[in-house]
Amino acid sequence: VLAGGGVMFTFLADVGLVGFPNAGKSTLLRRISAARPRVAAYPFTTLVPALGVVEVGERRFVAADIPGLIEGASEGAGLGDRFLRHIERTRVLVHLVEGANPEEGRSPRADHDAINRELALHSPALAEKPQIVAVTKIDIPEARAAGEKLRKTFARRKSPIDVHLVSAVTGEG
C-alpha cells in the first residue's frame, strides 16, 4: 500500500501466454525456460499459472503460462475470470493459437477472435494490451498451412497483425 491510501500494482509476469486449452502454452514455457509445468493431451491440465524465467542473450524476463481460456470465460466458464485477472498483471500477451486443431468448427482465426472477445468482455483495457500472435504446432504440416493462411489474412486487416509460426517440439520460431 502506498502513502495516501493507494495500492501498489504488482506484475505477475512480463509476458502472459494466453489461448485455448491445449494450444501449447505449457509446452512453449518448458521450451523457452527452465520451468516444468505439467503437459498432457487433455484440456485444463494447467490449473494455476506457471512462471518461467526466459533468458535471451543479456535480456531476462518472466513468462506466465496462464490456464486455458474458453468462450464464456469472462462470465466464469471453464476456470473463468480468475485467470483473466492474472492476465491483467502482465505487460504483454503472447496469444497462442493451435494450427492443427482436431475439434470441428475451430480454426486459428476463430480461436484468436474468441479469446480476444473474452479479453474485451472482461476489461476493455485488457483487450488493448500489446499482443503477439503465434500459431503453434507447426511441425505438423496442417498447422503450418493454417499458420501461413492466418498470416496472410491478418496482414490484410485494417490494422495488420504479425503472426509468428512456432514449434515447441523442434524449436522453430
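About the thresholds
All residue numbers refer to position in the chain's written sequence, counted from 1. In view of the model being predicted, local features appear only for residues whose pLDDT reaches at least 70, and side-chain atom pairs are presented and counted only at 80 or more, with totals across whole chains, interfaces and linings using the full set of residues. Only heavy atoms go into the side-chain values, all of them from the structure, while hydrogens and water stay out. Numbering goes from the N terminus for both helices and strands, where a helix is a DSSP run of H or I of at least four residues and a strand is a run of E of at least two. Helix span, as expected, comes to 1.5 Å for every residue beyond the first. For each residue, the accessible area found with a 1.4 Å probe, counting protein chains only, is set against the maximum for its type, and the residue is called buried under 20%, exposed over 50%, and partly exposed in between. This arc is built from the directions going out from the helix axis to the C-beta atoms. Strand pairing is assigned whenever DSSP identifies at least 2 bridges connecting the two strands. We call two residues contacting when some pair of their heavy atoms lies within 4.5 Å. Salt bridges are defined by distance alone: a side-chain nitrogen of Lys or Arg within 4 Å of a carboxyl oxygen of Asp or Glu. Whenever a helix is involved, its axis is fitted only over the stretch in contact; in every case the axis is a line through C-alpha atoms, and angles between N-to-C directions fall within 0 to 180 degrees.

**Some points on helix α5 (residues 141-155)**
So, point 1. Taking 1.5 Å of rise per residue, the 15 residues of α5 would be expected to cover 21 Å, and the 21 Å separating its terminal C-alpha atoms lies within 8% of that figure.
So, point 2. Taken as a whole, α5 has its buried residues at A143, A146, G147, L150, T153 and F154. The buried residues of α5 all sit within an arc of 125 degrees when viewed along its axis, so they share a single face. The exposed residues of α5 that point more than 90 degrees off its buried face are P141, K149 and K152.

**Quick notes on unusual backbone geometry**
So, point 1. Positive phi values are uncommon outside glycine, yet N22 reaches one of about 65 degrees.
So, point 2. On the basis of relative accessibility, which here comes to 26%, the residue N22 falls in the partly exposed class.
So, point 3. Residues other than glycine seldom take positive phi values, yet K137 does so here, at roughly 65 degrees.
So, point 4. Summarising the element assignment, K137 is placed in the loop between β5 (131-136) and α5.

**A look at the pairing of strand β1 (residues 13-18)**
So, point 1. Taking burial as the measure, the 6 residues of β1 include 5 buried ones, the bulk of the element.
So, point 2. Bridge count between β1 and strand β4 (residues 90-98): 5 bridges; the pairing is parallel. Within the sheet, the bridge partner assigned to L17 lies in β4 and is V94.
So, point 3. As paired strands, β1 and strand β3 (residues 59-65) are joined by 3 bridges and run parallel to one another. Paired with G16 across the bridge in β3 is A64.

**Quick word on helix α1 (residues 25-32)**
The periodicity of an α-helix, 3.6 residues per turn, causes residues three or four positions apart to be oriented the same way.
So, point 1. Those residues of α1 not exposed but buried are K25, S26, L28 and L29. Down the axis of α1, the smallest arc covering the buried residues is 160 degrees, so these residues share one side.
So, point 2. On the buried face of α1, the contacting elements are β1, β2 (50-56), β3 and β4.

**Concerning the pattern of salt bridges**
Pairing is possible between side chains that carry opposite charge, provided their charged atoms lie close to one another.
So, point 1. Taken as a whole and judged by the stated rule, the model has 7 salt bridges.
So, point 2. Among the ionic pairs, D113 bridges to R157, the shortest N-O distance being 3.3 Å. Of this pair, D113 sits in helix α3 (residues 108-122) while R157 is found in the loop between α5 and β6 (163-165), placing the two residues 44 residues apart along the sequence.
So, point 3. When its relative accessible area of 26% is taken as the criterion, R157 is described as partly exposed.

**A short note on the sheet that holds β3**
Sheet strands line up and pair through hydrogen bonds in the backbone, either parallel or antiparallel.
So, point 1. Read from one edge of the open sheet, 6 strands run β2-β3-β1-β4-β5-β6, paired in mixed fashion. Every interior strand has two partners, whereas the edge strands, β2 and β6, have only one. The mean angle between the axes of side-by-side strands here comes to 30 degrees, regardless of whether they run parallel or antiparallel.
So, point 2. Sheet topology places β2 next to β3; 7 bridges connect them, and they run antiparallel.

No statement about biological role is implied by the geometric values presented.
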